[in-house]
Amino acid sequence: MSSVKMISNAERLQSMTASAEIKMFGIIDKNGRVVDLWGRNDLHISKEKREILFMQIALQSSMHGDFDEELGTVSFCTVKRKKLKFVYRPIGSGNTALL
């Protein structure tokens, strides 16, 4: 009989964020407040600026919905800066996944 190891979502996310490419995975609500966050927190910005960044992402994610009827839903959005690259996608109920 084969042995199947079941791992929780938290363990799976910890494994993903342990890689060099994925530094963190988070879920933010429609107001940009952190619902949950896993991984290394090496965003080298102040707590206030981090909150503003997450609010900006939530607003952009929400505004993408304004064109859903005409253009279809957004699968994901990628932002690349000189010191940071991240991907976010709407996951329902106004929440956004941030990677």
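Summary of the structure given here. (Residues numbered from 1 in each chain as written. Predicted model: local features only at pLDDT ≥ 70, side-chain atom pairs only at ≥ 80, totals over all residues. Heavy atoms only, no water.)

1. Description of the side chain of T96
No. 1: Inspection of the secondary structure assignment puts T96 in strand β5 (residues 95-98).
No. 2: A distance of 3.2 Å separates a polar atom in the side chain of T96 from a polar atom in the side chain of S61.
No. 3: Ignoring any residue separated from it by four or fewer positions in sequence, one finds T96 in contact with G26, I27, I28, I57, S61, Y88, R89, P90 and I91. (Helix = DSSP H or I, 4+ residues; strand = E, 2+ residues; numbered from the N terminus. Polar contact = N/O pair within 3.5 Å; in protein donor to acceptor, adjacent residues only side chain to side chain. Contact = heavy atoms within 4.5 Å.)

2. Some points on the sheet that holds strand β1 (residues 24-28)
No. 1: The strand order across the open sheet built from five strands is β2-β1-β5-β4-β3, with neighbouring strands paired in antiparallel fashion. Looking at strand neighbours, the two that pair on one side only are β2 (34-39) and β3 (77-80), the edges of this open sheet. Direction aside, the axes of adjacent strands within the sheet are offset by 15° on average.
No. 2: Judged from the four bridges that link them, strand β4 (residues 85-92) and β5 form a sheet pairing that is antiparallel. Note that in β5 the partner of R89 across the bridge is A97.
No. 3: Where helix α2 (residues 47-64) meets the sheet, it contacts β1, β2, β3, β4 and β5, and its direction lies at approximately 55° from that of β4. (Pairing = 2+ DSSP bridges. Axes fitted to C-alpha atoms, helices over the stretch in contact; angles between N-to-C directions.)

3. Topic: the packing of aromatic side chains
No. 1: All chains considered together, the criterion is met by two aromatic pairs.
No. 2: Note on F86 and Y88: the rings are 6.4 Å apart at their centroids and 35° apart in plane angle, and the pair reads as tilted. Each member of the pair, F86 together with Y88, is buried. (Phe/Tyr/Trp six-rings, centres within 6.5 Å; stacked < 30°, edge-to-face > 60°. Buried < 20%, exposed > 50% of the residue type's maximum accessible area, 1.4 Å probe, protein only.)

4. A look at the pairing of β1
Looking along a regular strand, one sees side chains alternate from face to face of the sheet.
No. 1: With respect to burial, β1 is a largely interior element, five of its five residues being buried.
No. 2: Because side chains alternate across β1, one face comprises the buried residues M24, G26 and I28, and the other comprises F25 and I27, equally buried.
No. 3: Bridge count between β1 and β2: five bridges; the pairing is antiparallel. In the strand pairing of β2, I28 is matched with V34.
No. 4: The turn joining β1 and β2, which pair antiparallel and follow one another in sequence, is formed by five residues; a positive phi near 85° is taken by G32.
No. 5: In this structure, β1 lies alongside β5, joined through three bridges in antiparallel fashion. Note that in β5 the partner of G26 across the bridge is L98.

5. Some remarks on the nonpolar core
No. 1: In terms of nonpolar packing, the biggest core is built from 11 residues, these being M24, I28, L43, L53, F54, I57, A58, C77, F86, Y88 and L98.
No. 2: At the level of secondary structure, the elements contributing two or more residues to this core comprise β1, α2 and β4.
No. 3: Top contributing element to this core by residue count: α2, with four residues.
No. 4: Beyond its immediate stretch of four places on either side in the chain, L53 contacts L43, I45 and F86. (Core = buried A, V, L, I, M, F, W, Y, C linked by side-chain atoms within 4.5 Å.)

6. So, the environment of I28
No. 1: Topologically, I28 is positioned in strand β1.
No. 2: Accessibility expressed as a relative area gives 2% for I28, which makes it buried.
No. 3: When the C-alpha atoms of I28 and G94 are compared, they prove to be 8.7 Å apart, with 66 residues separating the residues in sequence.
No. 4: Ignoring sequence-local partners within four residues, the contact set of I28 consists of R33, V34, V35, F54, I57, A58, G94, N95 and T96.

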